[in-house]
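A closer look at the structure
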Amino acid sequence: MDILDKKYLERRADEVVEQLHAYLDAGKKVFTTSSFQSQSLPLLHMISRVDRDIPVYYTNTGFLFAQTIRFADQLADQLGLNVIALRPEVPKIKQLDREKRFLYASDPDHCCYLNKVQPLEPVLRENDIWVNGVRSDQSSVRAAMQVEEPAQHGCTRFHPMLEWDSRMVYFYRKNHDLPEHPMEAHGYLSIGCEPCTMKAFDDGNSRNARWFGMNKTECGLNTTLVSGGN
């Protein structure tokens, strides 16, 4: 892998930091969400440079890998982040279909709505800017996004990492000595809830290992909660 110029990456990061400062200076209420994967690290590091009081939300669905929760705690410590765990309104034991199967097996879209979308909706109502780390190389849905666009509930989404790629993420992490998710070394390159995550199995998009065998590529945070989403 060819080495990326460190000064170039720092200039790109500085652009993100400057825009975050601009939102705060304008009196905007800013928050971010994170899946706490290795690819999340550059954005979290940039946020820690701006204001460590910016809330960093994730939803503890009850189905997350224990390693992910421990990694979130580790990063909160290491970067001084204000990490906040949200929980679903509907208890896990009630997330069953008529055959008493968990919804992730029979209706994964509704499972994601209960566990990811619904808990975040009050946060959008209370804030102005949602800093979201999607990248255009991750899926066709994300490739169609703009750097800034409206979200639901009057909030604006800011996608500062949209034009970054996995190579930029790798070298930024390397330059700043940032850790990797402990499961990545075991072949898990896109990590969500345990029942819907597999090891990477080809050289294509790592997200192919999510919701394998289902007609699904997004959890709803980047579809339902975009303005005009269903």
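Residues numbered from 1 in each chain as written. Predicted model: local features only at pLDDT ≥ 70, side-chain atom pairs only at ≥ 80, totals over all residues. Heavy atoms only, no water.

The subject of this paragraph is the overall build of the chain. Helix and strand counts for the chain come out as seven helices and six strands. Helices and strands appear in the chain in the N-to-C order α-β-α-β-α-β-α-α-β-α-β-β-α. Within the chain, buried positions represent 49% of all 230 residues. Put simply, 73% of the contacts in the chain that link residues at least 6 apart link residues at least 24 apart. Element-wise, carbon and sulfur atoms account for 46% of the exposed surface of the chain, whose accessible area totals about 11,500 Å². (Helix = DSSP H or I, 4+ residues; strand = E, 2+ residues; numbered from the N terminus. Buried < 20%, exposed > 50% of the residue type's maximum accessible area, 1.4 Å probe, protein only. Contact = heavy atoms within 4.5 Å. Areas by Shrake-Rupley, 256 points an atom, 1.4 Å probe, with all protein chains shown as cover.)

Another point: unusual backbone geometry. Not every positive phi belongs to a glycine, and Phe36 is a case in point at roughly 55°. Along the chain, Phe36 turns up in the loop between strand S1 (30-33) and helix H2 (41-50). Although it is not a glycine, Lys100 sits at a positive phi angle of roughly 70°. Within the element layout of this structure, Lys100 appears in the loop between strand S3 (82-86) and helix H4 (103-106).

Right, let's talk about the pattern of salt bridges for a bit. In total, this model carries six salt bridges according to the counting rule given. The salt bridge partner of Arg101 is Glu99, with a shortest N-O separation of 3.9 Å. Shared partners join several salt bridges into a network, and the residues in it are Asp97, Glu99 and Arg101. (Salt bridge = Lys/Arg side-chain N within 4 Å of Asp/Glu carboxyl O.)

Further remarks concern the packing of aromatic side chains. A full pass over the atoms with the stated rule returns ten aromatic pairs. Ring geometry for Phe102 versus Tyr104: centroids 5.7 Å apart, planes at 15°, classification stacked. An aromatic cluster is defined as three or more aromatic residues linked by ring pairs; in this entry it consists of Phe31, Tyr57 and Trp130. Directly above the ring of Phe63 sits Lys92, whose terminal nitrogen or CZ lies 4.6 Å from the centroid. (Phe/Tyr/Trp six-rings, centres within 6.5 Å; stacked < 30°, edge-to-face > 60°. Lys NZ or Arg CZ within 6 Å of the ring centre and 35° of its normal.)

For helix H3 (residues 66-79), built from 14 residues, the straight-helix expectation of 20 Å at 1.5 Å per residue is met to within 8% by its first-to-last C-alpha distance of 20 Å. Among the residues making up H3, those that are buried are Thr68, Phe71, Ala72, Leu75, Ala76 and Leu79. Buried residues along H3 cover an arc of 140° about the axis, so they all sit on one side. Opposite the buried face of H3, by more than 90 degrees, sit the exposed residues Arg70 and Asp77. If you follow the buried residues of H3, they end up packed against H2, strand S2 (55-59) and S3. Backbone geometry just downstream of H3 places Gly80 in the positive-phi region, at approximately 70°. (Expected span 1.5 Å × (residues − 1). Arc of directions from axis to C-beta.)

Turning our attention to the side chain of Thr59. Within the secondary structure, Thr59 is located in strand S2. Every residue in contact with Thr59, bar those within four places of it in the chain, is listed here: Leu64, Leu86, Pro88, Asn115, Lys116 and Pro119.

Function cannot be read off these values alone, since they describe shape.
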